[in-house]
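Per-entry structural report
Each chain, written out:
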Amino acid sequence: MKFSKAEIEAVIEASPRTTVPFNKLILSDTYQARSAGSTSKMSIAELAASIKESSVLQNLIVVKGARGLFEVCAGGRRLEALTLLVASGEIAENYPVPVLIVPADKALIASLSENCFHIPMHPADEYTAFAKLMGQGKSVEDVAAAFGVTPLVVKRRMKLATVSPQLMAQFREDKIGLDCLMVLASVDDHDKQEQTWAGVPTWNRRPDYLRQLLTQGEIESDRDPVAKYVTVKTYEKAGGTLRRDLFSDDDKKAYLLDAPLLEKLATEKLQKKAKQVAADGWKWIDVRVRYNYDEFVKYGELRKTRREPTEQEAASLTELETRIAALHDQMEALAEAESDESDENGEYEKLETESESLQAQIKAREDTLSVWPADLMTQAGCVVYVGNDGAAALKCGLVRPEDRNDMVQAARLAGEGGDDESLVSLPSPKIRPVHTDKLMRRLTAHRVAAVQAELMDRPDVALAAITAHLAVKLLVDGYRRHYGSDDALTVSATNTHASLPSEADDMKASAAWQKVEVERATWAARLPESVDAIYPWVLAQELITVQQLLTFLIASTVTGVYGVERSKQSTDALAVALGLDMSKWWSATGPSYFNHVSKGRILEVVSEAVDANAASPLAALKKDAAVTGAEQTVAGTGWLPTVLRVGMPEKASLSGDTDEPPVANGEE
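Residues numbered from 1 in each chain as written. Predicted model: local features only at pLDDT ≥ 70, side-chain atom pairs only at ≥ 80, totals over all residues. Heavy atoms only, no water.

**Considering the sheet that holds strand E8 (residues 254-256)**
Ordered in space as E6-E8-E7, the three strands form an open sheet in which the pairing is antiparallel. Two strands close off the open sheet at either side, each with one partner strand: strand E6 (219-220) and strand E7 (242-244). As paired elements, E7 and E8 share three bridges and run antiparallel to each other. Paired with Arg-244 across the strands is Ala-254, a residue of E8. (Pairing = 2+ DSSP bridges. Helix = DSSP H or I, 4+ residues; strand = E, 2+ residues; numbered from the N terminus.)

As structure tokens, this is what we get:
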């Protein structure tokens, strides 16, 4: 059954208003529109304070009950607040409570009027009312008690006075939400408030985004590591300006406005830490408020060495390791126990916790055995800075570029004892590579295509290649078969040939590519269309046919495209076995090479391929003319860049890659 607002108002108008002693009121179980306990309990104490200050301003709705009692069907929170006041002795048990007595059959309708048609006070009106009371000399606490709210609510509403009148008008028209208005009120500048609000698209008018815009350039006390390290108290004591956000859930949060002062205070505090570190014997100590990796990328790093433990330390470590082994034995026994009963006492977890604690002790003791080489510390230094956790941090063992040579000499002397481990890591000087990443990928793609083309004619090399590949996977690397696979063999294959044109735009015009493509088309035409028929078809072929097909398939999987120059390539062993001569498959022309390198490089190539006299006339030409001249001069010489040359590797391997770093200058 639905009730109109007019029907409900008629019931209210026809009902008598009077007062009833508090001890005659009980909460109704029958006539409440809102179930008991469905409202927040957090504001009852505040409501009680308001009633104590201003009495009950809105009557309770009741129906007559048995034995002279009245059942409250609307006003349960007010009744609960009154109960709290009676229990604390603030009011008497017979305190007169204003009520509206409605007929029992209309009680539910009246209760609906309280919960459905009651319009709460607009926050802007609350601000106006609060301001009037405070203008009469009331304190924040007095106003809070009168309205049954916390002092923080009063302070927040009063802070709305700093909002631009234009924005306040939009707020009253519900064009701005209270959450957004509170963020705008966190700054006092009306122009900044209005500009920020107008500059945010309607779809992104969120409190967090508004706060981000308004606080640009300000330092958050609870997030910025330097602010946490210095502390707000120290910053304020030094005269630093800040802004507090009344609308933040954290009343201790502040926005620091003087970044130079904050950094000055942090530096002064870090200097104390730097003095302590300097006593360790480092050559230099640098203080940075923040550690910027890019500033020190050119620095080398000294490594710690492990000193031999004393007899006492060694015995202690042995004792810990023995205890851990015993714990693991007990844990294993518990895990393997045949009993179905659960570990109700958590014995396994206790053993695991103890084991982890002992392992942490071992790590801590091992850390004490890791020390800086005292004779090398005099060539290295430390940076003292504020870490991300807001505490002082150290980055030790850094070697400045100007100390590189002295450190290398000192490290050589220190390493004469026979320790093969390097004591210092020094970054290699950055040298611009001769070949770009794109050109390297282009050249090595042609090499891969050439190896594929050559390999198709050599079943012996292909068989050796696949055998070596499987030996590495199954024997050397301990490769495991994937159980549950639908495939009969666990050999995976990728058609690398198909991806080569994406590395070199001239690939499809090359003889190697075309040879492989012709062979591919031939085999594709010979194979049955049905996938299930392929295996029976292969079984029916002569051995020579199967070998030829296998050889082609193996050739299609050859890989080895690189973006940087390498001293070794994955195709080296194959190239040597095939006697690969890349001059049969590739030649240096403008499009294939000279257009992609510098003019200086062109002159170097011509000098190497022919002689310096041939290169000399090209020096005076512009780049385009030099490219044409170089192409003509080098034609027929068989010149190849180092990446396409084939030499006998120290250890031939048909299946292994190399992790060696690239050759910086690109040529040997």
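Further notes follow.
**Observations regarding the sheet that holds strand E14 (residues 392-399)**
Strand-to-strand pairing in sheets goes through backbone hydrogen bonds, with the strands running parallel or antiparallel. Pairing within the open sheet is mixed, and its five strands lie in the order E9-E13-E14-E10-E15. Since the sheet does not close on itself, it has two edges, and those belong to strand E9 (284-287) and strand E15 (424-425), each with one partner. Relative to E15, strand E10 (residues 300-302) runs antiparallel, the two sharing two bridges. Looking across to E15, one finds that Glu-301 is bridged to Ser-425. Set on the sheet, helix H14 (residues 259-278) makes contact with E9, strand E13 (381-386) and E14; between it and E9 the angle comes to about 165 degrees. (Contact = heavy atoms within 4.5 Å. Axes fitted to C-alpha atoms, helices over the stretch in contact; angles between N-to-C directions.)

**Looking at the packing of aromatic side chains**
For the structure shown, the criterion picks out eight aromatic pairs. Look at Tyr-291 and Phe-296: their rings are 4.9 Å apart centre to centre, the planes differ by 10 degrees, and that puts the pair in the stacked class. Judged by relative accessible area, Tyr-291 falls into the partly exposed class, the value being 24%. For the ring pair Trp-586 and Tyr-593, a centre distance of 6.2 Å and an interplane angle of 85 degrees mean the geometry is edge-to-face. Comparing Trp-586 with Tyr-593 shows no difference in burial state: the two are buried. One cation-aromatic arrangement involves Arg-400 over Trp-284; the distance from NZ or CZ to the ring centre is 4.1 Å. (Phe/Tyr/Trp six-rings, centres within 6.5 Å; stacked < 30°, edge-to-face > 60°. Buried < 20%, exposed > 50% of the residue type's maximum accessible area, 1.4 Å probe, protein only. Lys NZ or Arg CZ within 6 Å of the ring centre and 35° of its normal.)

**Side note on the state of the cysteines**
Applying the stated criterion across every chain yields a total of one disulfide. At a sulfur-sulfur separation of 2.5 Å, the disulfide partner of Cys-382 is Cys-396. Looking down the S-S bond of the Cys-382 and Cys-396 bridge, the torsion is 115 degrees, so its handedness is right-handed. Separated by 14 residues along the polypeptide, Cys-382 in strand E13 and Cys-396 in strand E14 bring together distant segments of the chain. Side by side, Cys-382 and Cys-396 carry an identical accessibility label, which is buried. (Disulfide = S-S within 2.5 Å.)

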